[in-house]
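What follows is each chain in one-letter form.
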Amino acid sequence: MEYDIKDKGLSDRGTQRIEWAASFMPVLYSLRELFKKEKPLKGTSIAACLHVTTETANLMIALKEAGANVALSASNPLSTQDDVAAALVLKFDIPVFAVRGADKDRYYSHIRNALESGHDITMDDGADLVSTLHKEYPSLLDKVMGGTEETTTGVIRLRAMAKEGVLGYPVIAVNDSMTKYLFDNRYGTGQSTIDGILRATNCLIAGSYFVVIGYGWCGKGVAKRASGMGAKVIVAEVNPVKALEAAMDGFQVMPLREAAPIGDIFVTVTGDKWVITKEEISKMKDNAIIGNAGHFNVEIKLEDLEDLSIDQKEIRDNLTQFRLRDGRRINLLGKGRLLNLSCAEGHPAMVMDMSFSDQFYSAIYIRENAGKLEKKVYILPEEIDQKVARIKLETMNIGIDELTEEQKKYLSSWDKGT
Ligand code: ADE
């Protein structure tokens with residue numbers, strides 16, 4: 001078996017941590033048990049490009065037990081947990097091509113390695129694997145049954161491909177399932193972003209001015225958690241509806257250039273490029289902390305930060321301190337890469353349980369519908385969302401009510417007014 005990982009010696013620790021995560025992923029575990037006899041993915045090759053974490057490991061193990069041949073590459077150079085990569089290779093016999101801190105060439109060569117291991121189905125987080133496949137292996141596109149996409153940024157890229165008519169096979173936007181974005185994006189990003197800031201800085205959130213840039217589901221989660229820890233949260237947004245929502249959720253809303261001289265901590269969660277640039281950095285307070293929780297490292301314009309600086313040093317793990325010409329210090333989290341995974345461990349397993357159950361169901365859906373889907377971006381049928389939510393509730397020992405027949409009839413009628 002081919003693979004490229006950092007250190008085989010880390011596998012015991014990785015195995016223990018994978019088991020720990022499994023204990024918080026009861027939905028995925030139940031699907032794993034359910035499908036391991038039936039093997040609905042028998043003989044299906046899956047090229048995955050996901051963050052190599054304990055939660056992803058459990059997804060890979062579940063897919064393998066359902067009969068798939070999986071190969072895993074990283075979806076970000078700084079999110080790989082090297083012990084998990086080692087455990088997957090040594091203990092679970094799953095090829096992994098991922099090393100934390102890989103440079104750009106190695107990162108893309110790992111994606112090629114995963115693709116070349118088989119690609120009946122692609123599983124992506126950010127669409128780097130899909131775009132590599134389209135750019136470098138166009139002759140293979142017709143052989144792919146379908147793909148899945150985990151994150152908002154990836155779905156945006158795929159919709160752009162579909163719009164231009166270049167998407168070569170059907171893809172399921174797992175991100176757009178309610179059991180994904182309402183929980184993973186909001187509560188997952190909310191908690192793991194605060195976790196990353198704390199691990200890298202050990203700063204006090206209470207009483208700080210905490211600027212959240214972007215008020216999508218991820219931004220909402222970050223703002224809520226920062227506020228829960230006592231921060232004075234300021235939201236910067238470009239969309240008037242979302243800005244209004246932030247205002248009515250109780251946050252101060254203002255343009256970023258006005259927030260720049262006030263904030264102690266800044267987090268970008270927009271999915272767009274060059275959100276924090278020279279203009280904002282020039283106005284920030286001494287010792288401000290800046291970080292990005294969006295998928296790509298484009299939200300903070302690093303060239304601008306470097307241009308304004310006379311030197312930089314790694315002041316703590318995953319924290320670079322830049323000294324500007326006028327003496328001010330600006331502290332950058334996780335090199336501007338998604339800080340919840342570069343400075344912490346990503347979203348907790350409890351929330352990834354649902355996202356990855358959606359991924360698991362998507363792979364089965366693609367296999368069952370192979371050849372019947374168009375070259376479009378799909379969302380999973382609502383029944384699957386409902387099923388995942390129901391199992392999750394059961395595992396949390398939470399019961400809910402049911403509509404009576406009379407109530408169902410009323411909801412599908414139009415002629416009964418006051
Ligand atoms: N994305 C965010 N958190 C993650 C995690 N824990 N595992 C995989 N992908 C993630």
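Residues numbered from 1 in each chain as written. Predicted model: local features only at pLDDT ≥ 70, side-chain atom pairs only at ≥ 80, totals over all residues. Heavy atoms only, no water.

## A word on the packing of aromatic side chains
- All chains considered together, the criterion is met by seven aromatic pairs.
- For the ring pair Trp-20 and Phe-24, a centre distance of 4.9 Å and an interplane angle of 75° mean the geometry is edge-to-face.
- Owing to a relative accessible area of 32%, Phe-24 belongs among the partly exposed residues under this scheme.
- Aromatic pair Tyr-181 and Trp-217: ring centres 5.7 Å apart, planes at 45°, arrangement tilted. Remark: Trp-217 occurs in helix 9 (residues 217-228) and Tyr-181 occurs in helix 8 (residues 178-201); sequence separation between them is 36 residues.
- Judged by relative accessible area, which is 32%, Trp-217 ranks as partly exposed.
- One aromatic cluster is present, formed by Phe-35, Phe-360 and Tyr-361 through successive ring pairs.
- One Lys or Arg, Lys-273, reaches over the ring of Trp-274 and ends 4.2 Å from the middle of that ring. (Phe/Tyr/Trp six-rings, centres within 6.5 Å; stacked < 30°, edge-to-face > 60°. Buried < 20%, exposed > 50% of the residue type's maximum accessible area, 1.4 Å probe, protein only. Helix = DSSP H or I, 4+ residues; strand = E, 2+ residues; numbered from the N terminus. Lys NZ or Arg CZ within 6 Å of the ring centre and 35° of its normal.)

## Observations concerning the side chain of His-119
- Tracing the backbone shows His-119 in the loop between helix 5 (104-116) and strand 4 (121-124).
- Looking at His-119, the relative accessible area reads 16%, which means it is buried.
- A distance of 2.9 Å separates the side chain of His-119 from the backbone oxygen of Leu-115, its partner in a polar contact. (Polar contact = N/O pair within 3.5 Å; in protein donor to acceptor, adjacent residues only side chain to side chain.)

## Concerning the layout of surface pockets
- Considering only enclosed or pocket space, the second largest pocket measures out at about 360 Å³ in volume.
- Contributing to the lining of the second largest pocket are 20 residues, with Arg-13, Thr-80, Gln-81, Arg-100 and Glu-345 lying nearest its centre.
- Those elements giving two or more residues to the lining of the second largest pocket turn out to be helix 1 (11-22), helix 4 (82-90), helix 8 and helix 14 (339-342).
- Taken together, the residues that form the lining of the second largest pocket break down as six nonpolar, five polar and nine charged. (1 Å grid on protein atoms, 1.4 Å probe; cavity = no way out; pocket = protein on both sides within 12 Å on 5 of 7 lines; lining within 4 Å. Points joined across faces, edges and corners; volume = space filled by probe spheres on them. Nonpolar A, V, L, I, M, F, W, Y, C, P; charged D, E, K, R; others polar.)

## Here's the deal with the sheet that holds strand 6 (residues 171-173)
- Read from one edge to the other, the open sheet built from seven strands follows the order 3-2-1-4-5-6-15, with strand pairing classed as parallel. In the strand order of this sheet, the two ends are held by strand 3 (96-97) and strand 15 (377-378), each with one partner. (Pairing = 2+ DSSP bridges.)

## Section: helix 1
- Spanning 12 residues, helix 1 covers 16 Å between terminal C-alpha atoms, matching the ideal 16 Å at 1.5 Å per step.
- Among all positions of helix 1, only Ser-11, Gly-14, Thr-15, Arg-17, Ile-18, Ala-21 and Ala-22 are buried.
- Buried positions along helix 1 lie against helix 2 (26-38), helix 3 (54-65), helix 4 and helix 15 (349-368). (Expected span 1.5 Å × (residues − 1). Contact = heavy atoms within 4.5 Å.)

## Things to note about helix 15
- Compared with the 28 Å implied by 1.5 Å per residue over 20 residues, the 28 Å span of helix 15 between its first and last C-alpha is a close match.
- In terms of burial, helix 15 is largely enclosed, as 16 of its 20 residues are buried.

## Details of a nonpolar patch on the surface
- On the surface, a nonpolar cluster with roughly 590 Å² of combined accessible area is contributed by Trp-20, Phe-24, Met-350, Met-396, Ile-398 and Ile-400.
- Relative to the elements of secondary structure, Met-396 occurs in the loop between helix 16 (382-395) and helix 17 (405-411).
- Look at Met-396 and you get partly exposed, because its relative accessible area is 39%. (Patch = residues over 30% accessible without salt bridge, like charges linked within 9 Å, V, L, I, M, F, W, Y side chains within 5 Å. Areas by Shrake-Rupley, 256 points an atom, 1.4 Å probe, with all protein chains shown as cover. Salt bridge = Lys/Arg side-chain N within 4 Å of Asp/Glu carboxyl O.)

## Some points on the nonpolar core
- Residues Leu-59, Met-60, Leu-63, Met-123 and Phe-360 are the most contacted members of the largest nonpolar core, which totals 53 residues.
- By residue number, the principal contributor to this core is helix 15, which donates 10 residues.
- If near-sequence neighbours (up to four positions away) are discounted, Leu-59 is found in contact with Leu-28, Leu-50, Met-123, Phe-356, Gln-359 and Phe-360.
- Ala-200, Cys-203, Ala-231 and Leu-333 belong to the second largest nonpolar core, which has 26 residues in total. (Core = buried A, V, L, I, M, F, W, Y, C linked by side-chain atoms within 4.5 Å.)

## Let's talk about empty space enclosed by the protein
- Counted by the stated rule, this structure contains one cavity of 30 Å³ or more.
- As for the largest cavity, its lining consists of Ala-22, Met-25, Leu-28, Tyr-29, Arg-32 and Asn-58.
- Among the elements that make up the lining of the largest cavity, the one with the highest residue count is helix 2 (three residues).
- Of the residues belonging to the lining of the largest cavity, the class tally is four nonpolar, one polar and one charged.

## Section: the site of the ligand
- Looking at the ligand, the residues that line it are His-51, Thr-53, Glu-55, Thr-56, Leu-341, Glu-345, Gly-346, His-347, Met-352 and Phe-356.
- With respect to the ligand, the side chain of Glu-55 contributes an N or O atom lying 2.9 Å from a nitrogen atom.
- Separating a nitrogen atom of the ligand from a backbone N or O atom of His-347 is a distance of 2.8 Å.
- Protein contacts shield 95% of the accessible area of the ligand, which totals 260 Å² for the unbound molecule.
- For the shell around the ligand, the secondary structure elements donating two or more residues are helix 3 and helix 15.
- Grouping the amino acids of the shell around the ligand by side-chain chemistry returns three nonpolar, five polar and two charged. (Near = heavy atom within 4 Å.)

## A short note on the pairing of strand 11 (residues 288-292)
- Extensive coverage of strand 11 is indicated by the burial of five of its five residues.
- Burial of the side chains of strand 11 extends over both faces: Ala-288, Ile-290 and Asn-292 are buried on one face and Ile-289 and Gly-291 on the other.
- The pairing of strand 10 (residues 265-268) with strand 11 spans four bridges and is classified as parallel. By the bridge assignment, Phe-266 is partnered in strand 11 with Ile-290.
- Examined bridge by bridge, strand 11 and strand 14 (residues 329-333) share three bridges and lie parallel to one another. Note on strand 14: the bridge partner recorded for Ala-288 is Ile-330.

## Notes on the sheet that holds strand 10
- If you walk across this open sheet you meet the eight strands as 9-8-7-10-11-14-13-12, and the pairing is mixed. In this open sheet, the two edge strands, each paired with only one partner strand, are strand 9 (252-253) and strand 12 (309-316).
- Pairing of strand 7 (residues 209-213) with strand 8 (residues 232-236), which is carried by five bridges, proceeds in the parallel orientation. Looking at strand 8, one finds that Ile-213 is bridged to Ala-236.
- Packed on one face of the sheet, helix 9 meets strand 7 and strand 8 and runs near 170° to strand 7. (Axes fitted to C-alpha atoms, helices over the stretch in contact; angles between N-to-C directions.)

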